[in-house]
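Take a look at the letters that make up each chain.
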Amino acid sequence: MSAAKPRVLFVTDLAYPARGRRYCDEDIRLSARLREDFDVALCHPLDAATLTDAFDLVLVRNSGPVLNYRAAYEAFRDRALDRGTRVYNQLTGRADMAGKQYLVDLDAAGYPVIPTADRAEDLGRLPVVPEYVVKPKLGADSIGLRIVPREELGSVAFGDGVLVQPLVRFAYEVSFYFVDDAFQYALHAPDPEQRWRLEPYGPTAADLDFARRFIAWNTIEHGIQRVDACRTPEGDLLLVELEDLNPYLSLDLVDEATQDRFVAALKASLHELAGTPEHG
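This one's a predicted model, so the numbers in the text were calculated from it and none came from an experiment.

Trainee: Honestly, the nonpolar core in this entry has me stumped. Any pointers?
Mentor: The nonpolar side chains of a soluble globular protein tend to be buried with one another. Residues Leu 34 and Phe 262 are the most contacted members of the largest nonpolar core, which totals 25 residues. When residues of this core are traced back to their parent elements, those giving at least two are strand E1 (7-11), helix H1 (23-34), strand E3 (57-60), strand E8 (172-179), strand E9 (182-189) and helix H6 (256-274). Among the elements that make up this core, the one with the highest residue count is H6 (six residues). Contact partners of Leu 34, with chain neighbours within four places excluded, come to Phe 10, Val 40, Leu 59, Leu 266, Lys 267 and Leu 270. Formed by 24 residues, the second largest nonpolar core is a distinct cluster that contains Val 113, Val 174, Phe 176 and Trp 217.

Here's what the structure looks like:
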């Protein structure tokens, strides 16, 4: 008699209206592939805290911006930490999982990040440009983001927990996708005005070194991470964000062989976190 499959609670908001993406399609297809190795049940993020005890591990996928259900997420996180629940991504992330303070910290530490300030007295460290981006530290999916002319920077209320960055003119954005610390694939948006019109991208060795610096900096042993960067007109890469909570994967834009490799890596990582042998 074969051993029972590990039970996975797959947390997703299938109805979230993401701009330029279809969360539901990606999660329906991915959860179907995971059923080859696991017993999988899908649930809305508002229900996760009350359901976790019935599962071997919790996989947080396209659950939408936590900002929309902050209290429920904190309840889920507190319960998981208190009970030692296996959560994927692991809850040790220091990047978007914990807000956007990491952009300030990485900038101060000399990492290749878009210059970022979170205090009025640090605005002088930012490059002088016509416009700046102001966004909340706990924001996501461009919620609360606004563009401010340089002459209006003095009106920014930093006490509200915001960041200020120069509005960078870049050639394109590129995203690097990892399972644990293993690179899987990259996609880029050739048109800066079409963030989610992505195409496959062949990274150079230097590109991967750039992305791996941030994966190494973070404290996640088991999880999916997406390193988002922009290419400056001078050819450099600068970090835009390190998504370590529920990164959208754009799996439908990569070929079948790449999808298969990604799913195999994800299954292996989930089995390792659950402490179970791989199925079959």
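Trainee: Got a minute to help me understand the layout of surface pockets in this structure?
Mentor: In this approach, a probe sized like a water molecule rolls over the atoms, and the result shows the empty space that is left. Estimated volume of the second largest pocket: approximately 300 Å³. As for the second largest pocket, its lining consists of 16 residues, of which Glu 26, Arg 29, Ser 250, Leu 251 and Asp 252 are closest to the centre. Of all the elements in the fold, those that place two or more residues in the lining of the second largest pocket are H1 and H6. Looking at the lining of the second largest pocket residue by residue, the class counts come to six nonpolar, three polar and seven charged.

Trainee: Got a minute to help me understand the side chain of Asn 62 in this structure?
Mentor: Mapping Asn 62 onto the fold places it in the loop between E3 and helix H3 (70-83). Discounting residues that sit within four places of it in the chain, Asn 62 has contacts with Val 11, Thr 12, Asp 13, Tyr 23, Glu 26, Asp 27, Asn 246, Pro 247 and Tyr 248.

Trainee: Hey, could you run me through the pairing of E3 in this one?
Mentor: Two faces, one strand: in a regular strand the side chains alternate between the faces of the sheet. Side chains of E3 alternate between two faces, with Leu 57 and Leu 59 and Val 58 and Val 60 buried alike. Pairing analysis gives four bridges linking E1 to E3, with the strands arranged parallel. Looking at the pairing, Leu 9 lines up with Val 58 of E3. Viewed along the sheet, the connection from E3 through H3 into strand E4 (residues 87-88) turns out right-handed.

Reading guide: rules and limits
- Residues numbered from 1 in each chain as written.
- Predicted model: local features only at pLDDT ≥ 70, side-chain atom pairs only at ≥ 80, totals over all residues.
- Heavy atoms only, no water.
- Core = buried A, V, L, I, M, F, W, Y, C linked by side-chain atoms within 4.5 Å.
- Buried < 20%, exposed > 50% of the residue type's maximum accessible area, 1.4 Å probe, protein only.
- Helix = DSSP H or I, 4+ residues; strand = E, 2+ residues; numbered from the N terminus.
- Contact = heavy atoms within 4.5 Å.
- 1 Å grid on protein atoms, 1.4 Å probe; cavity = no way out; pocket = protein on both sides within 12 Å on 5 of 7 lines; lining within 4 Å.
- Points joined across faces, edges and corners; volume = space filled by probe spheres on them.
- Nonpolar A, V, L, I, M, F, W, Y, C, P; charged D, E, K, R; others polar.
- Pairing = 2+ DSSP bridges.
- Right-handed = clockwise from strand over helix to strand, strands pointing away.

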